[in-house]
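Analysis of the macromolecular model
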Amino acid sequence: MTQITLALTKGRILKETLPLLKKAGIEPVEDIFASRKLVFPTTIKGTRLLILRGSDVPTYVQFGAADIGIAGKDVLLEDQGDGYYEPLDLGIARCQLMTAVPKGVSSHNGRLRVATKYINVARRFYAEQGRQADLIKLYGAMELAPILDLAHEIVDIVDTGNTLKANGLETRDHIADISARLIVNKAAFKTKFNAIQSIVNSLSKSVSI
Ligand code: AMP
């Protein structure tokens, strides 16, 4: 029997992932949200789920600790790792990667300070725009940075825009459309081809329903 390990992203993505997995016939045998466990067997023998922080999903898949992963495109753009394929856009957890600035403030002239957790994405974006930017790495609450003059602008994911609005910010430049993607370890895709292909196929059908 082929063992398949699927690394899932906890939080918002997980809530939208579980119904998709269910449609594809993969269900955890116990309630993930009622448990503090990190590994869950599923109704498919040999297939288990890992519940991880989003930025750890590509790492687990790249090194083959998980065969398949589900992660936001924002995390994958930032990760820049190889070692995995990205065969499927799951169309869930949609949002936008944007820059945001204090409302009504015109563009900052001169050297820009940008706060973000997406350092690699931001570096590429400002380089493509030909703009000089000093990047400041934060791990959360990016919206605070412009209010406290830590940065002129931020790079973050935005869904409704309510969080920005509540903190006196507004979106400026669109960097990328984001949704959750399926990734597959390159070696596992060869050695466990049938089992992985069958999961990719079932998920791709559940996405289009
Ligand atoms: P919103 O107020 O709807 O623009 O979203 C506020 C926060 O929710 C953002 O700062 C993000 O950190 C988070 N968020 C938005 N969309 C997603 C998503 N698709 N996946 C994970 N987190 C998200």
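All residue numbers here refer to positions counted from 1 along the written sequence of the relevant chain. Thresholds applied to this predicted model are a pLDDT of at least 70 for local features of residues and 80 or more for the giving and counting of side-chain atom pairs; totals over whole chains, interfaces and linings are not thresholded and use all residues. The basis for every side-chain value is the complete set of heavy atoms in the structure, and neither hydrogens nor water enter the calculation.

1. Focus on the overall build of the chain
The secondary structure content of the chain amounts to 8 helices and 11 strands. Counting only C-alpha atoms and orienting by the principal axes, one finds that the chain spans roughly 60 × 35 × 30 Å. For this analysis, residues touch if any pair of their heavy atoms sits within 4.5 Å. The long-range share in the chain, meaning contacts at least 24 apart out of those at least 6 apart in sequence, stands at 66%. Charged residues are defined narrowly, with Lys and Arg counted positive, Asp and Glu counted negative, and His plus the chain ends left uncounted. Here the site of a charge means NZ on Lys, CZ on Arg, CG on Asp, or CD on Glu. Measuring between centres, the 27 positive side-chain charges of the chain sit 4 Å from its 22 negative side-chain charges. Runs of H or I in DSSP of at least four residues are treated as helices and runs of E of at least two as strands, each being numbered from the N terminus.

2. Some thoughts on the site of the ligand
The full set of residues close to the ligand is Arg12, Ala93, Cys95, Glu143, Asp156, Ile157, Val158, Asp159, Thr160, Gly161, Asn162 and Thr163. For the purposes of these results, a polar contact is taken to be a pair of N or O atoms within 3.5 Å, where, inside protein, one atom must be able to donate a hydrogen and its partner to accept one; residues adjacent in sequence count only when each atom of the pair is a side-chain atom. Contact distances for the ligand include 2.8 Å between an oxygen atom and a backbone N or O atom of Asp159. Summarising the interface, the protein chains cover 77% of the accessible area of the ligand, which totals 500 Å² for the free molecule. Elements represented by at least two residues in the shell around the ligand include exactly strand 9 (153-158) and helix 6 (162-166). Among the elements that make up the shell around the ligand, the one with the highest residue count is strand 9 (3 residues). Under the grouping applied here, Gly and all other residues not named as nonpolar or charged are polar, the nonpolar ones being Ala, Val, Leu, Ile, Met, Phe, Trp, Tyr, Cys and Pro and the charged ones Asp, Glu, Lys and Arg. Its residues placed into classes, the shell around the ligand shows 4 nonpolar, 4 polar and 4 charged. In this text, near means that some heavy atom of the residue lies within 4 Å of the molecule or strand in question. Note on areas: Shrake-Rupley with a 1.4 Å probe; residue coverage comes only from the protein chains shown.

3. Points about the domain arrangement of the chain
A domain assignment, automatic or from a database, supplies the domain bounds used here. Each assigned domain of the chain is listed with its residue range as follows: domain 1 (4-93 + 179-208) and domain 2 (95-177). Look at where the C-alpha atoms of domain 1 and domain 2 centre, and you get two points 29 Å apart. Between domain 1 and domain 2, the contact holds 9 residues from the first and 12 residues from the second. Between domain 1 and domain 2, a total of about 810 Å² is buried, with carbon and sulfur atoms accounting for 39% of that surface. Think of a salt bridge as a Lys or Arg side-chain nitrogen and an Asp or Glu carboxyl oxygen that are within 4 Å of each other. Inspection of the region where domain 1 meets domain 2 yields 1 salt bridge. Here Asp159 and Arg12 are joined by a salt bridge, their closest N and O atoms 3.0 Å apart. Linking domain 1 with domain 2 are 7 residue pairs in polar contact (both at pLDDT 80 or more), by the criterion used here. Buried area is a sum: the accessible area each of two parts loses on coming together, probed at 1.4 Å, counted once for each and added.

4. Here's the deal with the side chain of Thr42
Tracing the backbone through its elements, the reader meets Thr42 in the loop between strand 2 (39-41) and strand 3 (47-52). The buried category is assigned to Thr42, whose relative accessible area is 8%. At 3.0 Å, the side chain of Thr42 and the backbone oxygen of Ile44 are in polar contact. Side-chain polar atoms of Thr42 contact the backbone oxygen of Thr47, separated by 2.7 Å. Residue burial is assigned from relative accessible area. The probe radius is 1.4 Å, only protein chains are included, and a residue is buried under 20% of its type maximum, exposed over 50%, and partly exposed in between.

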